[in-house]
Amino acid sequence: MEFITGYTLEELKERITGLGLEPYRANQILSWVYKKLTTDFNLMTDLPKKAREDLSKVFSFHPLRLEDRVEAPDATKFLFRTQDGHLVETVLIKERDHLTLCVSSQIGCAVGCTFCATAMDGLIRNLTAAEIVDQFLQVQQVTEERIRNVVFMGMGEPLANYDNVRKASQIMVSPWGLDLSKRRVTISTSGIVSQLKRMARDPFMRELNLAVSINSPRQDLREELMPLTKTNTLKELMEVLKNFPLPRYRRITLEYILIKDVNDSVKEARQLAKLIGPYKKKFKVNLIPYNPDPNLPYERPPLERILSFQRELWDRGVSTFVRFSKGADVFGACGQLRSRRVMLKSHLHETHPEMAR
Ligand code: SAH
Ligand code: SF4
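Worth saying up front: this structure is predicted, and the values here are computed from it rather than measured.

## A short note on unusual backbone geometry
- In this model, Asp179 sits at a positive phi of 60°, which is unusual for a non-glycine residue.
- With respect to the helices and strands, the residue Asp179 is situated in the loop between helix H5 (162–173) and strand S10 (185–189).

## Details of the packing of helix H1 (residues 9–18) against helix H2 (residues 24–34)
- It is at 8 Å that the axes of H1 and H2 come closest, and there the two elements cross at 125°. Put simply, H1 runs oblique to H2. Of the two possible hands of crossing, H1 and H2 adopt the one that is right-handed. Seen from H1, the contacting residues are Leu9, Leu12, Lys13 and Ile16; seen from H2, they are Arg25, Ala26, Asn27, Ile29 and Leu30.
- For the contact of H1 with H2, the class distribution of residues is 6 nonpolar, 1 polar and 2 charged.

## Overview of the pattern of salt bridges
- Evaluation of the coordinates by the stated rule reveals 22 salt bridges.
- The salt bridge involving Asp220 is made with Arg218; its shortest N-O contact spans 3.0 Å.
- In this structure Arg218 comes out as partly exposed when scored by relative accessible area, which is 28%.
- Here Arg305 makes a salt bridge to Asp264, at a shortest N to O gap of 2.8 Å. Here the residue Arg305 occupies a position in helix H10 (residues 303–315), and Asp264 occupies one in the loop between strand S12 (252–258) and helix H9 (266–276), the gap between them amounting to 41 residues.
- Look at Arg305 and you get partly exposed, because its relative accessible area is 33%.
- You can call Asp264 buried: its relative accessible area is 2%.
- The network of salt bridges with shared partners includes Arg65, Glu67 and Arg81.

Reading the values: rules and limits
- Residues numbered from 1 in each chain as written.
- Chains lettered and ligands numbered in written order.
- Predicted model: local features only at pLDDT ≥ 70, side-chain atom pairs only at ≥ 80, totals over all residues.
- Heavy atoms only, no water.
- Helix = DSSP H or I, 4+ residues; strand = E, 2+ residues; numbered from the N terminus.
- Axes fitted to C-alpha atoms, helices over the stretch in contact; angles between N-to-C directions.
- Parallel < 35°, antiparallel > 145°, perpendicular 65-115°, else oblique.
- Left-handed = near helix turned anticlockwise from the far one by under 90°.
- Contact = heavy atoms within 4.5 Å.
- Nonpolar A, V, L, I, M, F, W, Y, C, P; charged D, E, K, R; others polar.
- Salt bridge = Lys/Arg side-chain N within 4 Å of Asp/Glu carboxyl O.
- Buried < 20%, exposed > 50% of the residue type's maximum accessible area, 1.4 Å probe, protein only.

Now the structure itself:
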């Protein structure tokens, strides 16, 4: 079976022409899928009966099967199963006035950050474009309010799966697709320099929102926390970011997880301010207090320490925001996605016993 969710409009036109259908049928099909959220050819009443039958033999819609969902007050975690048996996690985050979907781009991750639960099993495989788009489609199908924001902050390193992330993003922002605004789709990367250069040259990708996980202003500590930075050094990273062609009024977000007694000192805040200082119009900083994981040795700093870190940056003119990740109590917060149903269940016994059955 092929999945409709893996096709751009142009590709689908070409594919169905090969099946003897008129190209404009592709517009009709995608409009059913992405505008009306209909994923059943039988309901696509403006297609001739014969075409519906033929299409059903070749295509289906969902490469993922929704297995479970866990609700918390400010987030819902969706657990999907791929056709080859892996688990994929997607988190719907309820912000004050909008919904944000945190999607996964890979099963596991090869980058190996020591603080991140996704890294524990290494990389299993890339997700296909259809699997990425289907996370959105299926969550939207069961969500009344329209989801307008997507962040690639679930499992995996999106720039290590460049082509599929690119195609999925195209489907997300095209008028014939999910029709999201380009600046509401955020690629979050650990900073793979060669791929950032590729993104900078790519007129489509560089218009998406960019977030880079910096996590320390020091090369030595970055190497310890994020093994990939031994080659993708801080110097090279800053060089590519400094030159990154941004749309007007847009800034790059530098994400900084604050980990107690590891990277949360005022001295480090000053070093970070110094690093960004000359280009502070180009960056803003999001401080993410660490979400502890039972299998990892790190802790979250106390609130005053988080606020002093923020103050140091503000005092030096760097726009800095503190972002508590939502959904921490369903293990759906950033960096806690690991596809361990067992872990989820045992945690649920403590927090939401009625859902842990
Ligand atoms: N691989 C990409 C995107 C997925 S990780 C990246 O690293 O940017 C998304 C974000 O979650 C990153 O900023 C990462 O630093 C952060 N993160 C990872 N583990 C975390 C944890 N335990 N608590 C808080 N944030 C975490
Ligand atoms: Fe991969 Fe991002 Fe986790 Fe690092 S923080 S291991 S890059 S998912």
